[in-house]
Amino acid sequence: MPSDNLKSYLHLHLIVFIWGFTAVLGALITLDALPLVWFRMLFAVGFIAVFLIYKKIPLRISTKTALQFLFAGLIIALHWFTFFKAIKISNISVTLACLSTGAFFTSLLEPILYGKKIVWYEVFFGLLVVFGLYIIFNVEGNYFYGMLIALSSAFLSALFAVINSKFVKEHDPIVISFYELSGGVVFFTFLLLFTHGFSLTFFSLSSKDLMYLMILSSVCTAYAFIASTSIMKFLSPYTVMLTINLEPIYGIILAVIVFKEKERMSFEFYIGAIIILLTVLLNSVIKSYKKRV
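Residues numbered from 1 in each chain as written. Predicted model: local features only at pLDDT ≥ 70, side-chain atom pairs only at ≥ 80, totals over all residues. Heavy atoms only, no water.

Student: So, the overall build of the chain: which residues are in play, and what are the values?
Tutor: For the chain, the count of helices and strands is 12 helices and 0 strands. Secondary structure elements of the chain occur, N-terminal to C-terminal, as α-α-α-α-α-α-α-α-α-α-α-α. A compact globule built from 293 residues would reach a C-alpha radius of gyration of about 19 Å, and the chain, at 19 Å, matches this within 12%. Projected onto its principal axes, the C-alpha positions of the chain cover 45 × 45 × 40 Å. Expressed as a percentage of contacts within the chain between residues at least 6 apart in sequence, the contacts between residues at least 24 apart total 88%. With the model as given, the accessible surface of the chain reaches about 15,100 Å², and the carbon-plus-sulfur share is 71%. Taking the 21 positively charged and 13 negatively charged side chains of the chain as two groups, their mean positions are separated by 8 Å. (Helix = DSSP H or I, 4+ residues; strand = E, 2+ residues; numbered from the N terminus. Rg over C-alpha atoms; globule rule 2.2 N^0.38 Å. Contact = heavy atoms within 4.5 Å. Areas by Shrake-Rupley, 256 points an atom, 1.4 Å probe, with all protein chains shown as cover. Lys, Arg positive; Asp, Glu negative; His and termini not counted. Charge placed at Lys NZ, Arg CZ, Asp CG, Glu CD.)

Following this line, the structure appears as structure tokens:
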């Protein structure tokens, strides 16, 4: 139905806008990256558990599959940790620009992990991404460590996406999400226990931080994930992928609106960021064209 397609397309843009707002929430929350991610995952698991119970979706899977999901949960937890850490020590604009390199890392990881042939135009696009990063590194050298952490976050995001692409073909995405987020909570809980991170101060959240965390875990995590899976019934993977690539653009615009001067970067920064974003979008267009031919 055309009307369903239009509604789903508008819904997808809303979801991508929400994901772009995630970085802003991360900057507004005063917690360090580790407790921020721990609370985010814990609350999100609770919200998804309520949804699973409401929909009466069974959670039974094999032990081997559960372990695979839990390991993937560690990867996504580390991705979020490095993502928010990069925001804390640099800013949103720098972090999102570097995070756009995820598509480049994916093009390298797929041949390594699954034996796919190297696509040479992806290698060329990868070089363009490196050039865009070179421009940013040159003009924003004071954010050097933040950029390195953001790039590691992009790599972890790509690794998670490549691994998860196999899971979603055989299992319910909501069940996968529940186990993966639970795995992240478990791993980070052990880390906090071993480092004596838990304390009264750890659980003493301000009313603003609690409010932002609830929005982050419910709207930006649980809702956005469940909604993004449902719209796949009406939209092509290309449309979804191309629209999701707009997330850094939404995020950077929102950051400038909310934080104003703190997020205003040099002209050269935006040139480098545009090179990276256009490369990612062009890669998506070419992939879609080759699938149709």
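From this point, the narrative continues.
Student: An account of the packing of aromatic side chains is requested, with residue identities and associated values reported.
Tutor: The full count for this structure, using the stated rule, is 20 aromatic pairs. Relative to Phe198, the ring of Trp38 has its centre 5.4 Å away and its plane inclined at 70°; by these criteria the two rings are edge-to-face. Here Trp38 is found in helix H2 (residues 33-55), whereas its partner Phe198 is found in the loop between helix H8 (173-194) and helix H9 (207-230), with 160 residues between them in sequence. Given a relative accessible area of 24%, Phe198 falls into the partly exposed group. Taking the centre distance of 5.3 Å and the plane angle of 25° together, the rings of Phe39 and Phe202 count as stacked. Of this pair, Phe39 sits in helix H2 while Phe202 sits in the loop between H8 and H9, and the two are 163 residues apart along the sequence. Accessibility classification places Phe39 together with Phe202 in one group, the buried group. In this structure an aromatic cluster arises from ring pairing among Trp38, Phe39, Phe43, Phe198, Phe202 and Phe203. Directly above the aromatic system of Trp80 lies the positively charged group of Arg40, at a separation of 3.9 Å from the ring centroid. (Phe/Tyr/Trp six-rings, centres within 6.5 Å; stacked < 30°, edge-to-face > 60°. Buried < 20%, exposed > 50% of the residue type's maximum accessible area, 1.4 Å probe, protein only. Lys NZ or Arg CZ within 6 Å of the ring centre and 35° of its normal.)

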